[in-house]
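Below are the chains, spelled out letter by letter.
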Amino acid sequence: MFFDTIVRVRAGTRTDRGGNTVQDWSPDAVTRLTVDDVNVQPNTQTEATEPGRNAVVTGWRVQSAPGASPDVTAVDRIEWRGMTCEIQGEVAQWPDPLDGSVHHIEFTMTRVTG
């Protein structure tokens, strides 16, 4: 069931003209982490039509294998099957009912096209 692999992409930081630290998504600034043994399942698909634009939002639920707690946060992006997706909401850590440690994590990721 946990046969998928994703790549967690995390932004670096840079200082803007105002002296503020901001995210830097440029290719040289990001870091990547390959995360094996996850389960990626379809979650949602919607289509919004407006004059001049047809947007499709596709979502997937991602779950790590039992006993795994990969370093993924809500502000990261995920590369999977040639797509770049954004994490929606927080990354949930599910507790092990026997000892309270992290049993697995789950999150939803989406991709918007159009």
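Our subject is the structure that appears above.
Residues numbered from 1 in each chain as written. Predicted model: local features only at pLDDT ≥ 70, side-chain atom pairs only at ≥ 80, totals over all residues. Heavy atoms only, no water.

> An account of the side chain of Asp 24 is needed here, citing residue identities and associated values.
Relative to the assigned elements, Asp 24 resides in strand 3 (residues 21-24). For the buried Asp 24, no salt bridge exists, and the shortest N-O distance to an oppositely charged side chain is 4.6 Å, to Arg 14. Here Ser 26 takes part through its side chain, which lies 2.7 Å from a polar atom of the side chain of Asp 24. (Helix = DSSP H or I, 4+ residues; strand = E, 2+ residues; numbered from the N terminus. Buried < 20%, exposed > 50% of the residue type's maximum accessible area, 1.4 Å probe, protein only. Lys, Arg positive; Asp, Glu negative; His and termini not counted. Salt bridge = Lys/Arg side-chain N within 4 Å of Asp/Glu carboxyl O. Polar contact = N/O pair within 3.5 Å; in protein donor to acceptor, adjacent residues only side chain to side chain.)

> Describe the environment of Gly 12, listing the residues and the values that go with them.
Here Gly 12 is to be found in strand 2 (residues 12-15). The class for Gly 12 is buried, based on a relative accessible area of 14%. Here the alpha-carbon distance between Gly 12 and Pro 27, two residues 15 residues apart in the chain, equals 9.4 Å. In this structure Gly 12 touches Val 22, Gln 23, Asp 24, Ala 29 and Val 30, once residues within four positions along its chain are discounted. (Contact = heavy atoms within 4.5 Å.)

> Give me the lowdown on the nonpolar core, citing residues and values where you can.
Ranked by internal contacts, the top residues of the largest apolar core, which has 16 residues, are Ile 6, Val 40, Ile 78, Trp 80, Phe 107 and Met 109. With four residues, strand 7 (residues 83-95) is the largest single contributor of residues to this core. Among all residues touching Ile 78, those that are not within four sequence positions of it are Ile 6, Val 7, Arg 8, Val 72, Met 83, Thr 84, Cys 85, Ile 87, Phe 107 and Met 109. (Core = buried A, V, L, I, M, F, W, Y, C linked by side-chain atoms within 4.5 Å.)

> Provide a residue-level description of the pattern of salt bridges, including the pertinent values.
Within this structure, the stated rule accounts for seven salt bridges. Residues Arg 8 and Asp 71 are paired through a salt bridge, measuring 3.6 Å at the closest nitrogen-oxygen approach. With a gap of 63 residues between them, Arg 8 in strand 1 (residues 4-10) and Asp 71 in the loop between strand 5 (53-64) and strand 6 (77-80) connect regions that are remote in the sequence. Residue classification places Arg 8 among the buried residues on the basis of a relative accessible area of 6%. By relative accessible area, Asp 71 is classed as partly exposed at 40%. Its salt-bridge partner being Asp 71, residue Arg 10 comes within 3.0 Å of it at the nearest N-O pair. Residue Arg 10 is located in strand 1, and its partner Asp 71 is located in the loop between strand 5 and strand 6; the two are separated by 61 residues in the primary sequence.

> Account for the side chain of Asn 39, with residues named and values stated.
Position of Asn 39 relative to the elements: it lies in strand 4 (residues 31-50). We classify Asn 39 as buried; its relative accessible area is 6%. Polar side-chain contacts of Asn 39 include one of 2.7 Å to the side chain of Gln 41. The residues touching Asn 39, leaving out its near neighbours within four places in the chain, are Met 1, Phe 2, Asp 4, Arg 61, Val 62 and Gln 63.

> Before we move on, can you summarise the pairing of strand 2 with the specific residues and values?
The sheet contact formed by strand 2 and strand 3 spans four bridges and is antiparallel. Following the sheet pairing, Gly 12 is matched in strand 3 by Asp 24. Joining the antiparallel neighbours strand 2 and strand 3 is a turn of five residues, in which Gly 19 adopts a positive phi near 85 degrees. (Pairing = 2+ DSSP bridges.)

> Before we move on, can you summarise the pairing of strand 7 with the specific residues and values?
Summarising the sheet, strand 6 and strand 7 pair through four bridges and their orientation is antiparallel. When the bridges of strand 7 are listed, Ile 78 appears paired with Cys 85. Taken together, strand 6 and the strand that follows it, strand 7, pair antiparallel across an intervening segment of two residues, in which Arg 81 is found at a positive phi of about 50 degrees. As judged from the seven bridges shared by strand 7 and strand 8 (residues 102-113), these two strands associate in the antiparallel manner. Residue pairing for strand 8: Gln 88 is matched across the bridge by Thr 108.

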